[in-house]
Amino acid sequence: MSSRIEILNDGGFRSDGRRQYELREMTFDMAEQAGADGSASVAHGLTQVRVSVFGPREAKMRSQTIHDRANINVEVGIAPFSTGDRRKRSKGDKRILEFASTIKSTFEPVIQTALYPRSQIDIFVHVLQQDGGVLQACINATTLALANAGVPLLDFVCAVTGGVHAAAPMLDLTTLEENDLPHVTVAVMPRTGRVTLVSMETRLHVDRFEEILRLAGQAGGVIHKEMRAVVRERTKGLVDAMGAGVRTSDFAEDAMVADS
Amino acid sequence: MVEITIRKRQREDAVITQRKFFKKTARGKVIKVIRERYLRDDVVCGIEGCRECSHTTDTLLPRNGSPDHKSFPNGHYVLPDTNVFLAQMDLMESSLFTSPIILLQTVLEEVRHRSLPLYNRLKALVNMDDKRTWIFYNEFRSETAVVREEGETPNDRNDRGIRKGTAWYNSHISLTRPTIRGQPPPTLPTVVLLTDDVANRQKAEKEGIPSLSVRKYVEGMPNNSQLLDLLSAESDTIEPTVAAGGRGPLYPEYLSSGTLTAGIKAGELHQGHFNANTFNYLEGSVAVPAFTKKVLLVGRENMNRAVDGDIVVVEVFPEKDWKAPADEVVDQEVTLRNDDAEDSEEEADNDEVIAEERKALRSEEAARRAAERQPTGRVVGIIKRNWRAYVCHIDSSSLTSSNTTSISQQTVFATPVSRLLPRIRMRTRQAPTLIGQKILVTIDKWDVHSRYPEGHFVRALGKAESKEAEQESLLLEFDVPYRPFGKAILDCLPPEGDQWVVPPKSELGPAWRDREDLRHLNICSIDPPNCQDIDDALHATRLPNGNIEAGVHIADVSHFVLPDNPMDSEAASRGTTVYLVDKRIDMLPALLGTNLCSLRPFVERLAFSVIWELSPEAEIVNVRFTKSVIASKFAFEYTEAQRRIDDAKQTDDLTESIRLLNTMAKKLRAGRMAAGALNLASPEVKIHLDSSESSDPIDVEQKALVETNSLVEEFMLLANISVAQKIQDAFPQTAVLRRHLPPPPTNFEKLQDILKKRRGLSLDVSSSGALAASLDKCLDPGEPAFNTLVRIMATRCMLSAEYFCSGSVSKDTFGHYGLASPIYTHFTSPIRRYADVLAHRQLAAAIAHVPLHASLHSKAHVERVLGGVNRRHRMAQMAGRASVEFYVGLALQGRVARAAQTHAGRVTQEAFVIRTFRNGLNVFVSKLGIEGLVMFKRETQFDADDYTLTIPSADGGAGATIAVFDKVVVSIDVEKDRNTQRGKVKMALVSPVDSVGL
Ligand SMILES: [Zn+2]
């Protein structure tokens, strides 16, 4: 049946009514999560993830302590009801471990770990619902949760998936599209335009790859704008609550994101 | 730089934009699927000059619709529902149907779900130049999107969506053209909902939406009489009334689709393709996985309205009722000659017909051989109809009035050209003028009350037996696309046209990039006479180390045919060039096929070369692949090349080169044969055409083969195998390969039995090598043709080769049985086969000449394309064969006429018996490559177990016994069937007994 759904029809519409370069509705929620130092819920279309950050705090285990910087620990949990087939994945599942290590290596160069030697930052990622772009949602949520926790970052990390249908590139894929198209998840640091992650499970033509990379960089900027607006809103709220609504303009970014 | 935006969704939209459902996978697992939909306001209406919508294309609907309908003087557009396209595609496609069409996304998608062939026709219709069609994506526009309500069926939801779309259009038109003060109110065109669903029309009326039935609509059109003929019987409910009144149904009803699915799952019912029997119209069979032998369906009732090619579900009878297939020839034209189309439902006629058919199915069951019993059963349901347009003749005896000026509607029989199809009943006003013409008829439905399927007339092809009509009907019958190439396709050709030449050598020019200069090599081509599309050329030289360098150079088609442009898509959909006796239907425009990509002599051409270093024993030492530029030194015909090789005085480089190739080819061939390759035979004959102008065949003869035929063949096989290995290594998931599955041993049972009983020979079918060896031993010292005959019959027991995507099947099924090669592909004829074009692209990527196009990384895409190519390939072969048959028929007619003139008497030929029936013989005339039936009306003695038939002599004395493999002499005559105008080859036995009058 799914083979009878057109990925991109002659009118230029995708199966969910979007055009090639339209991103799905995205929501960023930075409400507190009990006990966590920072948390964020992110949705891209129907894909929903929640990330909680603990730390920086004292490393619990000696073996994981690094003497000159903080250790980053990422754990991923995928809710069984989040996928179509209700498969239960254990924590030791190879795919999940790989997923966690992808997130970790994406953020390692971004978090200013040197500021917190011998400590630990725990990132818990919960995938609540999946409809494509899970990695992109996890990365964007992690960025916000870290910001929320006050962990100093060199820059935001904004991720987006891109794929190619015949010769037509498209952004922010749904599960239906991911199943059918060669695709790639790209994470960029919008300020410098640096790419911190390219994750590809399918083959992609090299010419197309360049195009997708360029588009993803541009899309990262769009997502960044959205995220920044939410962070500002949140910070403004906090500041207002503390009764010191003086400097609100660039406070949010300056406080959490050091100049690069 | 493109604009990237975020699609916001309104909170209140959530209910209608999100969907959650469960679906079952092929493995029976239930999975949850979530989807969402973004509604928008920028989906455009497609009407010229609309002030609300910003259109980006210029192929829009006219601002005031079409004024050509008497009910809508202010202009109108039609908005057909799904069933209109499913049932009335011929009408919609007709060039006479010119009304502007609004095609809703809901309709388009529903057609796609219901029938892919109709969907493809619909897409073609949208792109037709003389049609004005606009696709409105109603499901994505916020005002027109609908969501299925509680308790609503998907059908009702779609109907509601279609009504909503119609209503929106009408209000959109009036909102965007308001009355301007001081001016008269503008006249507004109407959007009319076309639907044959009465309930839908009633609802539309209630909602104030203009709607009409298709018939009503067409009646208001200017050229309605021609268009009304195109209406499918589906929309008339007039026909079955007679039957329904008189008597109970003739056929059992089908089971519901739920029951069918459950039955198949439980193993109680079986699904497969229905194959009609060429010799006996009252018998068909269905191959199903659960039984090694096909399930036999005996009689009309058990075949239950299945038509050749349908996917049906059968119920198998208990084993005690199993039977051997009939051993009698039953011709529907003879048995049913008295059936009347107009009132075939009347009791009297019916009884006669039934009695006649009973007699045909007469209880010779006792005589049916126990050994050959196979499962029997009946059709209980249809999964998919594979109905299409069939080439037919009108049966003149079914006309009630043959007055040519009569335009009264008559019900007549259309007899399909193919013997596998039942007659079709249809109504037409043009019957008298259609007599003697080839016409195209589609089947619309087959009711339980109607003995025959009902259909409608599509169009006339021309006078029967005129070459134009026969040619076109052949192309239609085998679904060969034969439209001339359109402008968009021709625009993909090099702008220089036939002035194009290989540019002067330079490292920088794109044509020379990574290309080897092989112009100095002694390359030549060897082809049949008058070959215009030369896609291969060869060379060979001795190397200093004693080894031999041999090269195969194939036209570099992928240099000109770039992926995913209109020319590429057209070639993919054509799949192959089709060769008829007097016409070639090209896969690629002639400029490429017969010029730029034809490796003509004395000009430079781009090529893709496979170059081996072979040991003197023809073992591959090394192989490399490279794009190249070559200059062929000569274009040989097979016989000419053979003469050069044989003439010891010729010692020039070119002759030495082909001599060396010939030596190597012999060794390659010996090696292949030792590995167990089969040497199969299929009857191939050559038609001599008088001259290219008249194209009257003057004679037929068997094709002669010379050594050089196999020289070329061996090197092509070697190239294909080498390329197959290379692309499979490079792209294990999506390599385009070709395989030939080993035939199931049961396919050979009958042939083995005949060989054993008639000749005491055995056939070892355990492997292709064993089969090859035992075929070699099937010899008759007195009859050299016997071996060929056995080979032909063995070939018919095999499966056909097919293209496949390497990632889609398990690796141990890659092998090519006939060639005894573990891997194979097609690389050597990219001008005329699309699979070769794909192989070229993959090979070019494998040697890093160009990166592989994204589509060739997609397994789904490769599978889809190859599925289409396989089908086209089969059809092309059948079309080619049918074309030869037609010309053999014409040639025979000529011979018969000449024989009559010169008083030489009858045309006689030697023939071999390949099958015996209770009332006839199936014979093969090897000299003409045709098969024919010799029928006996007189009682004969038939021994089914021994495959013999004893025929009394004309004077009643002791006759002769004839068995399978016997050589007989037949007289051949061509006579025109009085009713169908179909030229029919009639054969009669001359020796051992003269069967005239028998
Ligand atoms: Zn409009």
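It should be noted that the structure appears before, not after, this text.
What this report covers is the structure whose coordinates are included nearby. Quick caveat: nothing in here was measured; it's all calculated off a predicted structure. Starting from 1, residues in each chain are numbered consecutively following that chain's sequence as written. Written order determines the labels here, with chains lettered from A and ligands numbered from 1. Since the coordinates come from a predicted model, pLDDT governs what is reported: local features require at least 70, and pairs of side-chain atoms require 80 or more to be given and counted, while whole-chain, interface and lining totals use all residues. The side-chain numbers reported here are obtained from all heavy atoms of the structure, hydrogens and water having been left aside.

1. Considerations on the coordination of the zinc ion
Residues and elements named next belong to chain B. Worth spelling out the cut-off: In this listing, donors mean N, O and S atoms no farther than 2.8 Å from the metal, or 3.2 Å for Na, K and Ca; water is missing from the atoms, so a site can look incomplete. For a four-donor site, all angles between 85 and 135 degrees give tetrahedral; for four or six donors, opposite pairs above 155 degrees with the remaining angles between 65 and 115 give square planar or octahedral; all remaining cases count as irregular. Burial classes follow relative accessibility: with a 1.4 Å probe on protein chains only, a residue under 20% of its type's maximum area counts as buried, one over 50% as exposed, and anything between as partly exposed.
Coordination sphere of the zinc ion, protein contribution only: Cys 45 (SG), Cys 50 (SG), Cys 53 (SG) and His 172 (NE2), at 2.0 to 2.3 Å. What the four donor atoms of the zinc ion show is an angle range of 105 to 113 degrees at the metal, which sorts the shape as tetrahedral. For the zinc ion, the donor residues sit on a single chain with the sequence spacing C-x4-C-x2-C-x118-H. Relative accessible area serves as the criterion here: at 0%, Cys 45 is assigned to the buried category. By relative accessible area, Cys 53 is classed as buried at 9%.

2. A word on the packing of aromatic side chains
To keep it simple, the criterion reads: Stacked, tilted and edge-to-face pairs are distinguished by plane angle, under 30 degrees for stacked and over 60 for edge-to-face with tilted covering the rest, among Phe, Tyr and Trp rings (Trp via its six-membered ring) whose centres lie within 6.5 Å. Runs of E in the DSSP output that reach at least two residues are strands. Runs of H or I that reach at least four are helices, and both are numbered from the N terminus. Any Lys NZ or Arg CZ that is within 6 Å of a ring centre and within 35 degrees of that ring's normal is treated as a charge sitting over the ring.
All told, the structure shown has 17 aromatic pairs over all chains when counted by the stated rule. When the ring of Trp 168 of chain B is compared with that of Tyr 169 of chain B, the centres are 5.1 Å apart and the planes differ by 80 degrees; the resulting orientation is edge-to-face. Here the two residues Trp 168 of chain B and Tyr 169 of chain B agree in accessibility, since each one is buried. Geometrically, the ring pair formed by Tyr 251 of chain B and Trp 446 of chain B is edge-to-face, given 5.8 Å between the ring centres and 80 degrees between the ring planes. One end of the pair, Tyr 251 of chain B, is in the loop between α10 (241-246) and α11 (257-266); the other, Trp 446 of chain B, is in the loop between β17 (437-445) and β18 (454-463), and 195 residues separate them in sequence. On the accessibility criterion, Tyr 251 of chain B (4% relative accessible area) is buried. Residue classification places Trp 446 of chain B among the buried positions, given a relative accessible area of 9%. Members of the aromatic cluster, joined through ring pairs, are Phe 13 of chain A together with Tyr 137 and Phe 140 of chain B. Directly above the ring of Phe 413 of chain B sits Arg 423 of chain B, whose terminal nitrogen or CZ lies 4.4 Å from the centroid. A cation over an aromatic ring shows up here: Arg 739 of chain B above the ring of Phe 804 of chain B, its NZ or CZ 5.0 Å from the ring centre.

3. Section: the interface of chain A and chain B
Spelled out, the test is: Contacts between residues were defined by any pair of non-hydrogen atoms, one from each residue, lying within 4.5 Å. Defined in terms of a 1.4 Å probe, buried area is the accessible area two parts forfeit on being brought together, summed over both. Salt bridge, as used here: a side-chain nitrogen of Lys or Arg that lies within 4 Å of a carboxyl oxygen of Asp or Glu. Here a polar contact is taken to be a pair of N or O atoms separated by no more than 3.5 Å, where protein atoms must pair a possible hydrogen donor with a possible acceptor and residues adjacent in sequence count only if both atoms sit in side chains. Three classes are used, and their members are as follows: Ala, Val, Leu, Ile, Met, Phe, Trp, Tyr, Cys and Pro are nonpolar, Asp, Glu, Lys and Arg are charged, and the others, Gly among them, are polar.
Counting from both sides, the interface comprises 44 residues of chain A and, opposite them, 41 residues of chain B. Here chain A meets chain B over a buried area of about 3900 Å², counting both sides, of which 55% is carbon and sulfur. In this structure, the connection of chain A to chain B is made through four salt bridges. Salt-bridge contacts for Glu 6 of chain A lead to Arg 112 of chain B; the nearest nitrogen and oxygen are separated by 3.8 Å. Where chain A touches chain B, the interface holds ten residue pairs in polar contact (both at pLDDT 80 or more). Within the residue set of the side of chain A that touches chain B, elements represented by two or more residues are β1 (22-23), β2 (26-29) and α4 (206-241) of chain A. A total of six residues in the side of chain A that touches chain B trace back to one element, the largest contributor, which is α4 of chain A. Here the side of chain A that touches chain B is composed, by residue class, of 16 nonpolar, 14 polar and 14 charged.

4. Quick look at helix α7 (residues 198-206) of chain B
Its side-chain oxygen placed 3.0 Å from the backbone nitrogen of Ala 199 of chain B, Asp 197 of chain B serves as the N-cap of α7 of chain B. Looking at the residues trailing α7 of chain B, positive phi occurs at Gly 208 of chain B, about 70 degrees.

5. Regarding a nonpolar patch on the surface
To be explicit about the condition: Exposure above 30% relative accessible area and no salt bridge define the residues that can form patches, which grow by joining like charges within 9 Å and nonpolar side chains of Val, Leu, Ile, Met, Phe, Trp and Tyr within 5 Å. Under the convention used here, a 1.4 Å probe and the Shrake-Rupley method define accessible areas, while residue burial counts only the protein chains that appear.
Together, Val 195, Val 198 and Met 200 of chain A make up a nonpolar patch on the protein surface, roughly 220 Å² of accessible area in all. Along the polypeptide, Val 195 of chain A turns up in strand β10 (residues 194-200).

6. Examining the pattern of salt bridges
Enumeration over the complete set of coordinates arrives at 55 salt bridges over all chains. Between Asp 68 of chain A and Arg 69 of chain A there is a salt bridge whose closest N-O contact spans 4.0 Å. Classification of Arg 69 of chain A as partly exposed rests on a relative accessible area of 34%. Across the pair Glu 93 of chain B and Arg 121 of chain B runs a salt bridge whose closest N-O atoms are separated by 2.9 Å. Here Arg 121 of chain B lies in helix α5 (residues 116-127) and Glu 93 of chain B lies in helix α3 (residues 89-93), a separation of 28 residues in the sequence. Among the ionic contacts, a cluster of salt bridges with common partners joins Arg 14, Asp 16, Arg 18, Arg 24, Asp 131, Asp 172 and Glu 177 of chain A.

7. Some thoughts on the nonpolar core
Which entries qualify depends on this criterion: What makes a nonpolar core is a set of buried Ala, Val, Leu, Ile, Met, Phe, Trp, Tyr and Cys residues whose side-chain atoms join them at distances within 4.5 Å.
Core analysis: the largest hydrophobic core is formed by 61 residues, its most contacted members being Val 53, Val 76, Ile 103, Ile 123, Leu 144 and Leu 146 of chain A. In contact with Leu 144 of chain A, other than residues within four places in its own chain, are Phe 28, Met 30, Ala 40, Val 42, Phe 156, Met 227 and Val 231 of chain A. The next biggest cluster of nonpolar side chains, apart from the first, holds 56 residues, and it includes Cys 53, Tyr 77, Met 89 and Leu 193 of chain B.

8. Overview of the packing of helix α4 (residues 105-114) of chain B against α5 of chain B
Residue and element names in this part refer to chain B. Put simply, the test is: The axes used here are C-alpha line fits, helices contributing only the stretch in contact, and every angle between their N-to-C directions lies in the interval 0 to 180 degrees. Two helices that cross are described as forming a left-handed crossing if the nearer one is turned anticlockwise from the farther one by less than a right angle, and a right-handed crossing if clockwise.
For the pair α4 and α5, interaxial distance at closest approach is 6 Å and the crossing angle is 140 degrees. In terms of crossing hand, the pair formed by α4 and α5 is left-handed. Along the contact surface, α4 presents Leu 108, Val 111, Arg 112 and Arg 114, while α5 presents Leu 116, Leu 118, Tyr 119 and Leu 122.

9. Focus: the environment of Val 974 of chain B
All names here are of chain B. Relative to the helices and strands, Val 974 is located in strand β38 (residues 967-976). Between the C-alpha atom of Val 974 and that of Gly 894, which follows or precedes it by 80 residues, the distance is 9.5 Å. Look past the residues within four positions of Val 974 in its chain and what remains in contact with it is Gly 889, Leu 892, Gln 893, Val 896 and Lys 984.

10. Some words on the sheet that holds strand β9 (residues 269-276) of chain B
Residues and elements named next belong to chain B. Under the convention used in this document: Note on pairing: two strands pair once DSSP finds at least 2 bridges between them.
The strand order across the open sheet built from five strands is β11-β10-β9-β12-β13, with neighbouring strands paired in antiparallel fashion. Looking at the sheet topology across the chains shown, the edges are occupied by β11 (295-298) and β13 (377-384). The average undirected angle you get between the axes of adjacent strands in this sheet is 40 degrees. Packed on one face of the sheet, α11 meets β9, β12 (311-316) and β13 and runs near 105 degrees to β9.

11. Let's talk about the packing of helix α24 (residues 749-759) of chain B against helix α26 (residues 785-795) of chain B
Residues and elements named next belong to chain B. Formally: Any angle that is under 35 degrees is reported as roughly parallel, and any over 145 degrees as roughly antiparallel; angles of 65 to 115 degrees are reported as roughly perpendicular and all others as oblique.
Between α24 and α26, whose axes approach to 11 Å, the crossing angle comes to 155 degrees. As judged from the angle between their axes, α24 and α26 are roughly antiparallel. Considering the relative orientation of α24 and α26, their crossing is right-handed. Touching Leu 751, Leu 755 and Arg 759 of α24 are Phe 786, Val 790, Met 793 and Ala 794, all from α26. Across the contact of α24 with α26, the residue classes break down as six nonpolar, no polar and one charged.

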